[in-house]
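Below, each chain spelled out in residue letters.
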Amino acid sequence: MTAFDNGKVIDTSMGFTPEAGLTMSTRAGDLDASLFPYLMKKLNVDADGLNDILNEKSGLLGISGVSPDMRDVLAARDTNPRAQLAVDMFVNRIVRYIGSYAAEMQGLDTIVFTAGVGENSAPIRKLVCAKLGALGVKLDSVKNEVVGKERIISQPASKVKVMVVPTNEELMIAKDAFQKSHLEKRVRVALQA
Ligand SMILES: Nc1ncnc2c1ncn2[C@@H]1O[C@H](COP(=O)(O)OP(=O)(O)O)[C@@H](O)[C@H]1O
Ligand SMILES: CC(=O)OP(=O)(O)O
Ligand SMILES: [Mg+2]
C-alpha cells in the first residue's frame, strides 16, 4: 500500500523487500522479528528455507491451505474456517494500514483500489470499506460491482472518495527502466542523427 500526499509518495507498506506490509498471495506480510529464529529452530530450516516459507508458502496460501488466489479463498470460506481466517487477516491488515496512513497524513481524501485484488474483487473492497465507516467512508454497493475499469465507487455523501483505478505495473516498470537507463536519450540522439 502506498500513501500519497499532493501526488508525492510519503509512505509505503513494503520495506527492504515486498515481504513487509500487507498480507499477499504467498507472502506473510509484517511479522514479529523474534519469530524468525523461533521458526528456524522449530522447523529446522536455514535462512534460505525460512525466506522461501515467508515469501512463497505464506499469506493467503499458508493461512487458508487452499490457494494463493483470492478467488479460490473467497469461494472456500463458507465451508473452510482457515479460508475465512485468511480473508479476515488480509482485510484487517489493509484496514490497519489505511488507518495509520490517515493518521500520518492528518486526514484522508481518497482511497484507490488497484492491481489484482483491488481492481477485480468487489467482495474484498466491500469488506475493507465496511471497516472504515469511522473515517467517513460510504461505499456505493452497486457502483462497487465494477471490474477492472476506472470508477468512483463511493456514495456522493462519502467524506472519503473511493475509487477503482486499473494499473499496468509492467508498462510502468518498463517506462521507468527505459528512462533511468539513459536509453531514452540515446534513442532520441539516434533518431536525430
Ligand atoms: N476477480 C478477482 N477476484 C479476486 N481476486 C482476484 C480476481 N482477479 C484476480 N485476483 C487476484 O489477483 C491476483 C494477481 O494480482 P497481482 O496484483 O497481479 O498480484 P501479484 O502482484 O501477486 O502478481 C491473483 O492471484 C488473484 O488472487
Ligand atoms: C509486490 C508485488 O506485487 O510482488 P509480486 O508481483 O512478486 O507478488
Ligand atoms: Mg505484483
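Conventions and cut-offs
- Residues numbered from 1 in each chain as written.
- Chains lettered and ligands numbered in written order.
- Predicted model: local features only at pLDDT ≥ 70, side-chain atom pairs only at ≥ 80, totals over all residues.
- Heavy atoms only, no water.
- Near = heavy atom within 4 Å.
- Polar contact = N/O pair within 3.5 Å; in protein donor to acceptor, adjacent residues only side chain to side chain.
- Areas by Shrake-Rupley, 256 points an atom, 1.4 Å probe, with all protein chains shown as cover.
- Nonpolar A, V, L, I, M, F, W, Y, C, P; charged D, E, K, R; others polar.
- UniProt positions renumbered as here; feature names shortened; annotations may be inferred.
- Helix = DSSP H or I, 4+ residues; strand = E, 2+ residues; numbered from the N terminus.
- Buried < 20%, exposed > 50% of the residue type's maximum accessible area, 1.4 Å probe, protein only.
- Core = buried A, V, L, I, M, F, W, Y, C linked by side-chain atoms within 4.5 Å.
- Contact = heavy atoms within 4.5 Å.

1. A short note on the site of ligand 2
Step number 1: Around ligand 2, the neighbouring residues are Met14, Pro18, Met24 and Arg27.
Step number 2: In this structure, an oxygen atom belonging to ligand 2 sits 3.1 Å away from a side-chain N or O atom of Arg27.
Step number 3: Taking 260 Å² as the accessible area of ligand 2 by itself, protein coverage stands at 44%.
Step number 4: Split into classes, the residues belonging to the shell around ligand 2 amount to 3 nonpolar, no polar and 1 charged.

2. Observations regarding the UniProt feature "binding site: Mg(2+)" (unreviewed entry) in the protein
Step number 1: Under the UniProt annotation, "binding site: Mg(2+)" (unreviewed entry) lies at Glu169.
Step number 2: Examined against the element boundaries, Glu169 turns out to sit in helix H8 (residues 169-180).
Step number 3: With a relative accessible area of 48%, Glu169 lands in the partly exposed category.

3. Structural notes on the nonpolar core
Step number 1: Core analysis: the largest hydrophobic core is formed by 34 residues, its most contacted members being Ile111, Ile124 and Val128.
Step number 2: At the level of secondary structure, the elements contributing two or more residues to this core comprise helix H3 (59-64), helix H4 (70-76), helix H5 (81-104), strand E3 (110-113), helix H7 (122-130) and strand E5 (161-164).
Step number 3: For this core, the element with the highest residue contribution is H5, accounting for 11 residues.
Step number 4: Every residue in contact with Ile124, bar those within four places of it in the chain, is listed here: Met70, Leu74, Val87, Phe90, Val91 and Val117.

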